[in-house]
Amino acid sequence: MFGGFDYAVLERALPLLWQGMLFTLQLTGLAICGGVFFGTLLALMRLSPFRPVSFFAASYVNFFRSLPLILVIFWFYFLVPKMLGWPIGGFYSVLIAFVMFEAAYYCEIIRAGIQSVTRAQVHAGSALGLTYGQTMRLIILPQAFRNMLPVLLTQSIIMFQDTSLVYVVGLKDFLTTADLIANRDNRPVELFIFAAVVYFVLCLIGSTSARRLQRTYAI
Amino acid sequence: MIEVKNVSKWYGDFHVLKDCSTSVAKGQVVVICGPSGSGKSTLIKCINGLEPFQKGAIAVNGTSVGDPATNLSKLRSRIGMVFQNFELFPHMTVIRNIMLAQVKVLGRTEAEAEERAMKLLTRVGLVDQAAKHPAQLSGGQQQRVAIARALAMDPIAMLFDEPTSALDPEMINEVLDVMVALAEDGMTMMVVTHEMGFAKKVADRVIFMDEGHIVEDATTEDFFGTPRSERAQMFLSKILSH
């Protein structure tokens, strides 16, 4: 089977695959930023003593965690532009889908991270005259993020893999591009093996650097 | 300076503070002692509003703590607090711990804050530890940094919540020495502690609490001479016997 492995096919495919990889990386990067940002907001809302606020955040999280990601992607890709009445573009619709979906997962990770910092640290901040916002931003969240760094990065690596689901709406990410070329050139073995190797190497780099980062930033 | 009037507090059904009243004048040092679970720590945390209370009133320098209109952050910035487990910020160096609130709350420049921090570190004898992280210091050193951090805000009063309870015996004195010096400088202090030597040395008054009540509120002489309540006598005989 490997006797006929044609490296030239891959070489020719590289420019297009690189385009696909850029799409995947952009989508992953922006979705992580957005997901962590809204996840943090949701986590703070879930921990709010104000009932309606924490109820809203809890409902949001439970709602999105009960849906398959692929459904959320469909939803934003097909339904939201219809509801809005104008097209928002494939990239943005899936980006919004990922941000909203991942925010629910990040929220739970960040909430656990915040709760891992003792209540006495909040008291220490308050006792110095820092406001609640300052205490969160300067004291609690920096410690929380250090504590949850490994889980946060694991979730981000999973999301990097999950971006390949945009295949279902035909957006040209790395895997979709590989699939297109595989069909065009009738070379599925080369392209799917190559795609697997690339995903594997990138995820391996991600998880080892996660471990290294954790050691550097451990308190 | 600190007025506590008929304060009651509940945790759910549990009545932690029962009609507590006392006051601390400017420059006074008051020690609060009593068995664990008697409400000492809760009382001291009510004074800077870290714990809410349901009944009564507390005023610090004329500002009501329980009043929803009071800017609690502003009030707290004037009251230093030292915790049982130090509660230094583990992700910051010692000097950053002392500078943070000076810059963020008092609006001092980095240079001013650093100068003040170095002065205070000198005062507590830790100037060479400025660049370290809290985890690299011993418990006694951490608590002295915590005292410096509180003093950096130029507080009008200091609250100590069992400042030596989490320390190894050989480190207790280095912290008590700093506190004695502070008391001798005329700082208004409320100290929850079982260190009766400290109380005898610098306290003007001793408050004894039991089951949420202030059972005894006497001058230090009277308290160690003849405590009026049987409960306080028993407590004293237990902790002074060895």
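What this report covers is the structure whose coordinates are included nearby.

**Description of the overall build of chain B**
Across its full length, chain B carries nine helices and 10 strands. Taking 2.2 N^0.38 as the reference for a compact globule, 242 residues should give roughly 18 Å; the C-alpha atoms of chain B span a radius of gyration of 18 Å, in line with that estimate. With 242 residues in all, chain B has 56% of them scored as buried. In chain B, of all internal contacts separated by at least 6 residues, the share reaching a separation of at least 24 is 65%. Where the 25 positive side-chain charges of chain B centre and where its 29 negative ones centre are 4 Å apart.

**Quick word on helix α9 (residues 230-240) of chain B**
All names here are of chain B. Within the sequence span of α9, burial applies to Ala232, Phe235 and Leu236. For α9, the angular spread of buried residues about the axis comes to 95 degrees, placing them on one side. In α9, those exposed residues whose orientation departs by more than 90 degrees from the buried face are Glu230 and Lys238. Each element contacted by the buried residues of α9 is listed here: β3 (29-33), α7 (196-202), β9 (205-210), β10 (213-219) and α8 (220-225).

**Side note on empty space enclosed by the protein**
In the structure shown here, the tally under the stated rule is one cavity of 30 Å³ or more. What the largest cavity holds in volume is close to 40 Å³. Along its surface, the largest cavity is lined by A:Ala124, A:Ala127, A:Leu128, B:Met81, B:Phe83, B:Ala146, B:Arg149 and B:Ala150. Elements with a minimum of two residues in the lining of the largest cavity: α5 (119-127) of chain A together with α5 (139-151) of chain B.

**Describing the sheet that holds strand β6 (residues 79-82) of chain B**
Residues and elements named next belong to chain B. With mixed pairing, six strands are arranged side by side in an open sheet as β6-β7-β8-β3-β9-β10. A single partner strand is all that each edge strand has here, and the edge strands are β6 and β10. Going from strand to strand, the sheet's axes swing by 15 degrees on average, the running direction of each strand aside. Here β3 pairs with strand β8 (residues 188-192) via four bridges, running parallel.

**A closer look at the layout of surface pockets**
Considering only enclosed or pocket space, the largest pocket measures out at about 670 Å³ in volume. What lines the largest pocket is a set of 28 residues, and nearest its centre among them are A:Arg119, A:Val122, A:His123, A:Ser126 and A:Tyr132. Broken down by secondary-structure element, the contributors of at least two residues to the lining of the largest pocket are α4 (90-116), α5 and α6 (132-162) of chain A together with α2 (72-77) of chain B. For the lining of the largest pocket, the residue count by class is 15 nonpolar, nine polar and four charged. Of the volumes computed, that of the second largest pocket is approximately 290 Å³. Lining the second largest pocket we find 16 residues, and of these A:Ile32, A:Leu153, A:Ser156, A:Ile157 and A:Gly206 sit closest to its centre. Put simply, the parts of the chain that give the lining of the second largest pocket at least two residues each are α1 (7-46), α6 and α8 (188-217) of chain A. Taken together, the residues of the lining of the second largest pocket break down into 12 nonpolar, four polar and no charged.

**Some points on the sheet that holds strand β1 (residues 2-11) of chain B**
Residues and elements named next belong to chain B. Reading across the sheet, the four strands line up as β2-β1-β4-β5 and stay open at both edges, with antiparallel pairing between neighbours. Only two strands of the sheet have a single partner each, and these edge strands are β2 (14-24) and β5 (63-64). The sheet contact formed by β1 and strand β4 (residues 55-60) spans five bridges and is antiparallel. The residue bridging Lys5 from the neighbouring strand is Ala57, located in β4.

**Some points on the environment of A:Met45**
Residues and elements named next belong to chain A. Checked against the element boundaries, Met45 lands in helix α1. The class of Met45 is partly exposed, set by a relative accessible area of 25%. Residues Met45 and Ala8, spaced 37 residues apart in sequence, show a C-alpha to C-alpha distance of 54 Å. If near-sequence neighbours (up to four positions away) are discounted, Met45 is found in contact with Val53, Ser54, Phe56 and Ala57.

**With respect to helix α3 (residues 94-104) of chain B**
Across the 11 residues that make up α3(B), a large majority, eight, are buried. If you check which residues of α3(B) are buried, you get B:Val94, B:Ile95, B:Asn97, B:Ile98, B:Met99, B:Leu100, B:Ala101 and B:Gln102. Where the residues of α3(B) are buried, they touch α6 of chain A together with α4 (110-123) and α5 of chain B.

**Some thoughts on the pairing of β4(B)**
Residues and elements named next belong to chain B. Looking at chain direction, β4 and β5 are connected through two bridges and run antiparallel. When the sheet's bridge partners are listed, Val60 is paired in β5 with Thr63. Counting the residues in the hairpin turn of β4 and β5 gives two residues, including Asn61, whose phi is positive at 55 degrees.

**Some thoughts on the interface of chain B and chain A**
With 22 residues of chain B at the contact, the number on the chain A side is 19 residues. The junction of chain B with chain A conceals about 1,700 Å² of combined surface from both sides, 68% of it contributed by carbon and sulfur atoms. At the surface where chain B touches chain A, the tally comes to zero salt bridges. For the side of chain B that touches chain A, the elements supplying multiple residues, two or more each, are α2, β6 and α3 of chain B. Each residue belonging to the side of chain B that touches chain A can be placed in one class, and the counts come to 12 nonpolar, four polar and six charged.

**Observations regarding the packing of aromatic side chains**
Residues and elements named next belong to chain A. The full count for this structure, using the stated rule, is 14 aromatic pairs over all chains. The interplanar angle of 85 degrees and the centroid separation of 5.3 Å between the aromatic rings of Phe63 and Phe64 together place this pair among those described as edge-to-face. Ring centres 5.6 Å apart and planes at 55 degrees place the aromatic pair Phe160 and Tyr199 in the tilted group. Of this pair, Phe160 sits in helix α6 while Tyr199 sits in helix α8, placing them 39 residues apart in sequence. The burial state of Phe160 is the same as that of Tyr199; both residues are buried. A network of ring pairs unites the aromatic residues Phe23, Phe91 and Tyr92 as a single cluster. Seen from the ring of Tyr105, Arg65 lies directly overhead, with NZ or CZ sitting 5.5 Å from the centre.

The rules behind the values
Residues numbered from 1 in each chain as written. Chains lettered and ligands numbered in written order. Predicted model: local features only at pLDDT ≥ 70, side-chain atom pairs only at ≥ 80, totals over all residues. Heavy atoms only, no water. Helix = DSSP H or I, 4+ residues; strand = E, 2+ residues; numbered from the N terminus. Rg over C-alpha atoms; globule rule 2.2 N^0.38 Å. Buried < 20%, exposed > 50% of the residue type's maximum accessible area, 1.4 Å probe, protein only. Contact = heavy atoms within 4.5 Å. Lys, Arg positive; Asp, Glu negative; His and termini not counted. Charge placed at Lys NZ, Arg CZ, Asp CG, Glu CD. Arc of directions from axis to C-beta. 1 Å grid on protein atoms, 1.4 Å probe; cavity = no way out; pocket = protein on both sides within 12 Å on 5 of 7 lines; lining within 4 Å. Points joined across faces, edges and corners; volume = space filled by probe spheres on them. Pairing = 2+ DSSP bridges. Axes fitted to C-alpha atoms, helices over the stretch in contact; angles between N-to-C directions. Nonpolar A, V, L, I, M, F, W, Y, C, P; charged D, E, K, R; others polar. Buried area = accessible area lost by both parts, 1.4 Å probe. Salt bridge = Lys/Arg side-chain N within 4 Å of Asp/Glu carboxyl O. Phe/Tyr/Trp six-rings, centres within 6.5 Å; stacked < 30°, edge-to-face > 60°. Lys NZ or Arg CZ within 6 Å of the ring centre and 35° of its normal.

No statement about biological role is implied by the geometric values presented.
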